[in-house]
Amino acid sequence: MATYSTNQFKSGLKIMLDGEPYTIVENEFVKPGKGQAFNRVKVRNLKTGKVIDRTFKSGDSVEAADVLETQMQYLYTDGEFYHFMAPESFEQHAAPAAAVGDNAKWLKEQELCSVTLYNGAPLSVEPPPHVTLKVVQTDPGLKGDTSSGGSKPATLETGAVVQVPLFIQEGEVLKVDTRTGEYISRAKD
Amino acid sequence: MGAAGGADWRPAASREALRRRAARLASIRAFFAERAVTEVETPVLAAAGVTDAQLDGFPVPAADSRWLQTSPEYAMKRLLAAGFGDCYQITRAFRAGERGRRHNPEFSLLEWYRVGFDHHRLMAEVAALVAEVLGPGTTATLSYAEAFRRAGLPDPLTAPTARLAAAAEDHHGALTAPLERDELLDLLFGTMVQAALPARCFVTEFPASQAALARLSPADPRVAERFELFAEGIELANGFHELTDPEEQRARFAADTARRRAAGRPTPAIDGRLLAALESGLPPCAGVALGLDRLFMLAEGADSVDAVMAFPWERA
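Residues numbered from 1 in each chain as written. Chains lettered and ligands numbered in written order. Predicted model: local features only at pLDDT ≥ 70, side-chain atom pairs only at ≥ 80, totals over all residues. Heavy atoms only, no water.

Student: Just checking my understanding: could you explain the overall build of chain B for this structure?
Tutor: A tally of helices and strands in chain B yields 9 helices and 11 strands. Relative to the globule expectation of 20 Å for 316 residues, the C-alpha radius of gyration of chain B, 20 Å, shows essentially globular dimensions. Residues counted as buried form 51% of the 316 residues belonging to chain B. Partitioning the contacts of chain B with sequence separation of at least 6, the portion at a separation of at least 24 is 69%. Across chain B, the 35 positively charged side chains and the 42 negatively charged ones have centroids separated by 4 Å. (Helix = DSSP H or I, 4+ residues; strand = E, 2+ residues; numbered from the N terminus. Rg over C-alpha atoms; globule rule 2.2 N^0.38 Å. Buried < 20%, exposed > 50% of the residue type's maximum accessible area, 1.4 Å probe, protein only. Contact = heavy atoms within 4.5 Å. Lys, Arg positive; Asp, Glu negative; His and termini not counted. Charge placed at Lys NZ, Arg CZ, Asp CG, Glu CD.)

Student: Mind showing me how you'd approach the interface of chain B and chain A here?
Tutor: Frequently, the measure chosen for interface size is the accessible area removed from exposure when the parts meet. Contacts between the two partners involve 27 residues from chain B, matched on the other side by 17 residues from chain A. Of the roughly 1,900 Å² buried between chain B and chain A, counting both surfaces, carbon and sulfur atoms make up 51%. On inspection of chain B and its partner chain A, the count reaches 4 salt bridges. Between Glu183 of chain B and Lys57 of chain A there is a salt bridge, with its nearest N and O atoms 2.8 Å apart. Where chain B meets chain A, there are 9 residue pairs in polar contact (both at pLDDT 80 or more). Among the secondary structure elements, those contributing two or more residues to the side of chain B that touches chain A are helix 5 (161-172), helix 6 (181-193) and strand 10 (234-241) of chain B. With 5 residues, the top contributor of residues to the side of chain B that touches chain A is helix 6 of chain B. Taken together, the residues of the side of chain B that touches chain A sort by class into 7 nonpolar, 10 polar and 10 charged. (Buried area = accessible area lost by both parts, 1.4 Å probe. Salt bridge = Lys/Arg side-chain N within 4 Å of Asp/Glu carboxyl O. Polar contact = N/O pair within 3.5 Å; in protein donor to acceptor, adjacent residues only side chain to side chain. Nonpolar A, V, L, I, M, F, W, Y, C, P; charged D, E, K, R; others polar.)

Student: Honestly, the domain arrangement of chain A in this entry has me stumped. Any pointers?
Tutor: All names here are of chain A. Entries for chain A in the domain assignment read domain 1 (3-64), domain 2 (67-126) and domain 3 (130-186). In this complex, domain 1 contributes 6 residues to the contact, which on the side of domain 2 involves 4 residues. Of the roughly 450 Å² buried between domain 1 and domain 2 on both sides combined, carbon and sulfur atoms contribute 74%. Here domain 1 and domain 2 share 1 salt bridge between them. One salt bridge connects Glu69 with Lys14, and the closest N-O pair in it is separated by 3.5 Å. Viewed at the interface, domain 2 and domain 1 are joined by 1 residue pair in polar contact (both at pLDDT 80 or more). For the side of domain 1 that touches domain 2, the class distribution of residues is 3 nonpolar, 1 polar and 2 charged. (Domains from an automatic or database assignment.)

Student: What am I meant to see in the pattern of salt bridges here?
Tutor: Two side chains of opposite charge can pair, provided their charged atoms sit close to one another. Evaluated as defined, the whole model comprises 33 salt bridges over all chains. Among the charged side chains, a network of salt bridges with common partners joins Glu34, Arg35, Asp86, Arg114 and Glu125 of chain B.

Student: Explanation requested: the side chain of His241 of chain B in the structure shown.
Tutor: Residues and elements named next belong to chain B. Secondary-structure assignment places His241 in strand 10. For His241, a relative accessible area of 12% gives the class buried. Filtering out sequence-adjacent residues up to four positions away, His241 remains in contact with Phe117, Asp118, His119, Leu213, Ala214, Arg215, Glu225, Cys285 and Ala286.

Student: Looking at this structure, how should I read empty space enclosed by the protein?
Tutor: Using a probe with the size of a water molecule, rolled over the atoms, empty space left in the structure can be pinpointed. All names here are of chain A. Applying the stated criterion across every chain, the model contains 1 cavity of 30 Å³ or more. Taken as a whole, the largest cavity spans an internal volume of roughly 40 Å³. Here the lining of the largest cavity gets 3 residues from one element, more than from any other, and that element is strand 5 (residues 51-57). (1 Å grid on protein atoms, 1.4 Å probe; cavity = no way out; pocket = protein on both sides within 12 Å on 5 of 7 lines; lining within 4 Å. Points joined across faces, edges and corners; volume = space filled by probe spheres on them.)

Student: Just checking my understanding: could you explain the environment of Gly291 of chain B for this structure?
Tutor: All names here are of chain B. The topology assignment puts Gly291 in strand 11 (residues 285-291). Taking the C-alpha atoms as reference points, Gly291 and Asp56, separated by 235 residues in sequence, lie 17 Å from one another. Beyond its immediate chain neighbours, meaning those up to four positions away, Gly291 contacts Ser108, Leu109 and Leu236.

Student: Sorry, what's going on with the UniProt feature "modified residue: N6-(3,6-diaminohexanoyl)-5-hydroxylysine" (unreviewed entry) in chain A here?
Tutor: When the UniProt feature table is mapped to this numbering, "modified residue: N6-(3,6-diaminohexanoyl)-5-hydroxylysine" (unreviewed entry) covers Lys34 of chain A. Within the secondary structure layout, Lys34 of chain A lies in the loop between strand 3 (20-30) and strand 4 (38-45). If we ignore the near neighbours within four places in the chain, the residues touching Lys34 of chain A are Asp52, Gln54, Glu73, Ala212, Arg226, Asn238 and Phe240 of chain B. (UniProt positions renumbered as here; feature names shortened; annotations may be inferred.)

Have a look at this one:
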């Protein structure tokens, strides 16, 4: 099993702690001039997202987490699992609903998502930062009203609900930011 | 990393910060000129390394192998033993593996020695020099034990090691490996005690186990006549009322070497020339080493030594 020494620590490095995979968020080297050096790190649990602090004696080694970030195409959901395919190998992976979480509402078939594999199984799924989705339901607004600044909810084809300007109609295709859940623009054809 | 980045040929510090650095170096030289302390230069590449348990030097594989100095301490003490008198040096020092916001493996050190001074007299001079660079301000003095008390920690001299370990776990969570007593003290000091110190503060009377090259206190041999200066919780200087006894020095070198061997670290030969100098007679004196990059970082109000260095480690 690969290991990392504390002097290789930097943000983004994936390590195992207490049998769980973590990513280093922050690493600080602390050393009294004549004394023992330590690395104080903030790490995020890749399964739960929880951030904790840990202190290591400098020079110690930790096990590397067998974590791989890949781009995969979203295929479909059977209700329990979300199925993805690696575009080059055509290998398929089933992510449990827990790994997808709230991001399920942005998943559109054929879209490339960022899938984090841990021991070869999907651990988390990130949709692309921007997606284009069709409006399946919204109340009729005022046609041509582009200046009032008002907004209304619109339900998109994946089930996500976003606030859109009043002039948006059912059937239109929108560009949405998945990180903020905000409407960006109408999609250009 | 490195060459592929494209912009890393450029200095890390701004041109203005580097110009102010030059002006500050000039003011430090003026400070010592006023006091008739002589600037000296000693070898950066020496035949002997250091045996300090927690310092790693850079070995240089020359025909007769050499070490890049971790400080000019040994060479300057040889000058003192030869009767040179008060002296200071502004030089580069090298410590392998030390890289962080406040560490660069190659750094600038100001080291000076005052014959006939004890550590208290030297502390007053250190405070005056720092005031020249950081501006006037009062400098408090706390003993190592008082500094622990201020941080709400057990007494570092008398508390059982298990209590120190429990205090460390309260703050840091489970330790990843059991730590020895001095390692626990270093962890508590470096994280909790430093953060609770007054704005500018000397810490004195370090435990005898951390005496380094300081004499033990005649009044309380559990502590050493060693001091460190902190500004805004950042360690700036380390000074000693110097140990002049060659036998005790030899014993400490041997003990340090044994600790290094036990920890699997390289064990450089003990510096026989320093021991010979001590045997011929080191005059009673006090000496201090001050990290210039950190001092200039604080003067700039910056949070990293990179802000005052032309080319830190990754750009060197």
